[in-house]
Amino acid sequence: MNHPNCRTLISALILIGSAFPAAAADRVKTANGTVEGAGALVSGIRIFRGIPFGQPPVGDLRWKPPQPVKNWTGVRPAAQFGPRCMQRPIYGDMGFRSNGVSEDCLYLNIWTPASSAAARLPVLIYFYGGGYQAGDGSEPRYDGEAMAGKGVIAITVNYRLNLFGFFAHPELTSESPNHASGNYGLLDQSAALHWVYDNIAAFGGDPKRITIAGESAGSSSVSAQMASPLSRDLIAGAIGSSGSLLVRGGGVLVGALISRTEVEQNGLKFSASVGAASLAALRAMPAADLLAATAKPDAPRFAPTVDGYFLPKSPREIFEAGEQARVPLLVGWNSEEANWRAVIRTGDPTPENYAKGVQSFYGDSTPEVLKLFPGATPEEVVDSATSLASLRFTGFGTWKWSEIQMKTGGKAVYRYHYSHPRPAMRPEMGDAVAGTAGGVITGAQAQANRPPAPRGAVHSADIEYAMGNLATNKVYAWTPDDFKLSAIFQSYYANFVKTADPNGPGLPKWPAATAAGPLRVLQLDVETKAVPEVHRERFVLLERLAAKMSN
């Protein structure tokens, strides 16, 4: 045993043993049974992947609220991400570490820095984006290790999507004890929130300090959970990035609510299109066949609805009445959520083409819009059309969410505007283009849909910065400025989760927004600073036009 190689081996084993806790430390007893995690990462963060929070929603449980997990005996491995929920590859830029795709997908993942159950650390639950059509809790950009390194337990949650998450049908409504159908994906999120509330103490978390967060559809999900009587009492704080469910109309796309009657009619239309004469026939069809049918050009869209149960009335009505979770809110959107081509759908950015695009949306209100979004020169057209497209996509709905929460929420609201463009792609990426969901698209599809070069922060560009995950994205040539901004953004997130206030030592001061004003917004860029709110008149106009169009 005195051979130098033996001594080296022994030293290495001692180092490994000191860096990772004993196997028993990776076992946690939940209300349903014991899980064994993957062991500590090099950072010391312990990770538990693929923990079930609901029964597999298959067979007769397809299109039913998630059912409680059945208890198990022995030790259940929690080392691998569970399957992602049924989805088509509509965003070619999404990257997954999940174990395939399946209807059996109700799993969550936990990153915890706690060394014991006595730690009582704050908790962050993150809901992924993807337009309620795609996404997964295994995506590297949502990875919780960096956030856990800030002293926060980070959790990602899977929820049903598309047809499987938001299908409604008169037969489903009739069979439901709540006389409701649809919103199964939102019910999945709520079930996960309840599971975390009941079990997180065993992982070192404090169930009284759960903050929920998300981007795009994940952000509108946060607004929905705040509004729902099923979830709102479990939430201590909320973070929303680029989307809410508070507005329908005015061209808002992310989070636009569909009425239950409309969704049920869509359900009947879809049933007829696949030759299913009954709900039983639909439940008997293979999941892959149903998913494929959603790709047809005339397939209806399945999205959140006011179902009468999860959402007893519209989120806007709930927020205006002060019936939502009355908790601190950190909320904002990006400077280029959509580009000018979303307004000028064909042709160059000329004043004539811009006016035609605005006319197609706003009709006889076009002069009012052009007054506040002027376009007298090509350069001004690009600026105004980009701003209008961004507000129509997510900015306006997110703004309205923060406005109402300031008036009725009873707690601080922190509003930001994220404007830092990503750096250039790495040379090895060739002629790839950025995709809406955060990664890249290559090949013929990329060339056919090449967008104009971004001038600001595009939709979803903020995620890796806020979650401290720039290193997980190998697409872009990150610079010291990017890592500097990410450290600031992530610190704001972590501080908010810990104390309900994003401010902390070494960070630019972020004042809370109040209805009394004057309102200041945090401009997140390489030079981060609080600035007065600008262009408020644009939001006021869009709100009035949205109300006009919905009547």
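Our subject is the structure listed above.
Owing to the predicted nature of the structure, the values given are computational and were not obtained by experimental measurement.

(A) Fine view of the layout of surface pockets. Roughly 520 Å³ of internal volume is contained in the second largest pocket. Around the second largest pocket, the lining is made up of 23 residues, and of these Trp 333, Ser 387, His 417, Val 534 and His 535 lie nearest the centre. Contributions of two or more residues to the lining of the second largest pocket are made by β10 (329–334), α13 (378–408), β11 (413–418), β14 (520–524), β15 (529–532) and α17 (536–550). The element that contributes the greatest number of residues to the lining of the second largest pocket is α13, accounting for five residues. For the lining of the second largest pocket, the class distribution of residues is seven nonpolar, 10 polar and six charged.

(B) Quick peek at the nonpolar core. Judged by nonpolar contacts, the single largest core of 120 residues is most densely connected at Leu 108, Ile 110, Ile 125, Ile 155 and Met 226. If you tally residues by element for this core, the top one is helix α16 (residues 480–499), at eight residues. Ranked by size, the runner-up nonpolar core spans 25 residues in total, among them Val 247, Tyr 354, Ala 385 and Phe 539.

(C) Just the sheet that holds strand β7 (residues 153–157), in detail. Read across the open sheet, the 10 strands follow the order β3-β5-β7-β6-β8-β9-β10-β11-β14-β15; overall the sheet is mixed. The open sheet is flanked by β3 (46–52) and β15, the only strands paired with a single partner. Each strand axis lies, on average, 25 degrees off the axis of its neighbour in the sheet, ignoring direction. With four bridges joining them, β14 and β15 adopt antiparallel strand pairing. Bridging across to β15, Gln 523 finds its partner in Lys 529. Across the sheet, α16 is in contact with β6 (121–127), β8 (205–215), β9 (237–241), β10, β11 and β14; its angle to β9 comes to roughly 150 degrees.

Calculation rules
- Residues numbered from 1 in each chain as written.
- Predicted model: local features only at pLDDT ≥ 70, side-chain atom pairs only at ≥ 80, totals over all residues.
- Heavy atoms only, no water.
- 1 Å grid on protein atoms, 1.4 Å probe; cavity = no way out; pocket = protein on both sides within 12 Å on 5 of 7 lines; lining within 4 Å.
- Points joined across faces, edges and corners; volume = space filled by probe spheres on them.
- Helix = DSSP H or I, 4+ residues; strand = E, 2+ residues; numbered from the N terminus.
- Nonpolar A, V, L, I, M, F, W, Y, C, P; charged D, E, K, R; others polar.
- Core = buried A, V, L, I, M, F, W, Y, C linked by side-chain atoms within 4.5 Å.
- Buried < 20%, exposed > 50% of the residue type's maximum accessible area, 1.4 Å probe, protein only.
- Pairing = 2+ DSSP bridges.
- Axes fitted to C-alpha atoms, helices over the stretch in contact; angles between N-to-C directions.
- Contact = heavy atoms within 4.5 Å.

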